[in-house]
Amino acid sequence: MPDPAVPQSHGDGAWSPAELGGLGAGTIIETGVLLFNPACIRIGAGVYIGHRTSINGYWREGITISDGAWIGPDCHLHAAGGIRIGRRVGLGSGVKILTSSHDIDGGHAMILDAPLQFAAVVIGDGADLGCGAIILPGVTIGDGAQIGAGAVVTQSVPALAVAVGNPARILRLRQVGRP
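Everything in this summary refers to the structure shown in the same document. This one's a predicted model, so the numbers in the text were calculated from it and none came from an experiment.

Scoring rules and cut-offs
- Residues numbered from 1 in each chain as written.
- Predicted model: local features only at pLDDT ≥ 70, side-chain atom pairs only at ≥ 80, totals over all residues.
- Heavy atoms only, no water.
- Helix = DSSP H or I, 4+ residues; strand = E, 2+ residues; numbered from the N terminus.
- Rg over C-alpha atoms; globule rule 2.2 N^0.38 Å.
- Buried < 20%, exposed > 50% of the residue type's maximum accessible area, 1.4 Å probe, protein only.
- Contact = heavy atoms within 4.5 Å.
- Areas by Shrake-Rupley, 256 points an atom, 1.4 Å probe, with all protein chains shown as cover.
- Lys, Arg positive; Asp, Glu negative; His and termini not counted.
- Charge placed at Lys NZ, Arg CZ, Asp CG, Glu CD.

### Describing the overall build of the protein chain
Line of reasoning, step 1. Broken down by element type, the protein chain carries 0 helices and 22 strands.
Line of reasoning, step 2. The C-alpha radius of gyration of the protein chain comes to 17 Å, within 12% of the 16 Å expected for a compact globule of 179 residues.
Line of reasoning, step 3. Principal axes of the C-alpha set define a box for the protein chain whose edges measure 60 × 45 × 20 Å.
Line of reasoning, step 4. In the protein chain, which comprises 179 residues, the share counted as buried stands at 41%.
Line of reasoning, step 5. For the protein chain, the share of sequence-separated contacts (at least 6 apart) that also reach a separation of at least 24 residues comes to 15%.
Line of reasoning, step 6. Total accessible area on the protein chain stands at roughly 9200 Å², and carbon and sulfur atoms take up 56% of it.
Line of reasoning, step 7. Taking the average place of the 11 positive charges on the side chains of the protein chain and the average place of its 13 negative ones, the gap between the two points comes to 14 Å.

Quick look at the structure:
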């Protein structure tokens, strides 16, 4: 484990398929995608990852991207607390998923000196996150939920809910399979 008192580079994000924790058949990872700690990143079959996306897998927790997920360009997935992206999930361009934050009430004047808190993010099967949405630590997005473009999701969203805004609020539940 690295000494946190010694500044260290995270590297340049270069990777090879053999370094990944798992890589399913038929997955497309576009040019310019940066993968940090690739051994902690598991990618299912038929996944698409768009240009300039940055995925940070961490030794503490990893990231799983399930079969058929679509991740648009310019996304940032920071898995220090763990991320699970379900099957057939869509992430629009510029989506950010964060799993750590500083304890700002821990008695430290300098926020960067405050201890980190970690909490996993789970995106359920069939969910869709609009362009520029931000998902904060500890949030679960339920199966089939839709998150509007630019939403900042601070609390979990139930299955089939449509949530928008900053902070995100639930507008309605989707009617799936009903005329």
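More follows now that the structure is in view.
### Some thoughts on the environment of Gly81
Line of reasoning, step 1. Here Gly81 is to be found in the loop between β9 (76-78) and β10 (83-85).
Line of reasoning, step 2. With relative accessibility at 9%, the residue Gly81 sits in the buried group.
Line of reasoning, step 3. Once the C-alpha coordinates of Gly81 and Ile49 are considered, the two residues, 32 residues apart in sequence, prove to be 21 Å apart.
Line of reasoning, step 4. In contact with Gly81, not counting residues within four places along its chain, are Glu61, Thr99, Phe118, Ala119 and Ala120.

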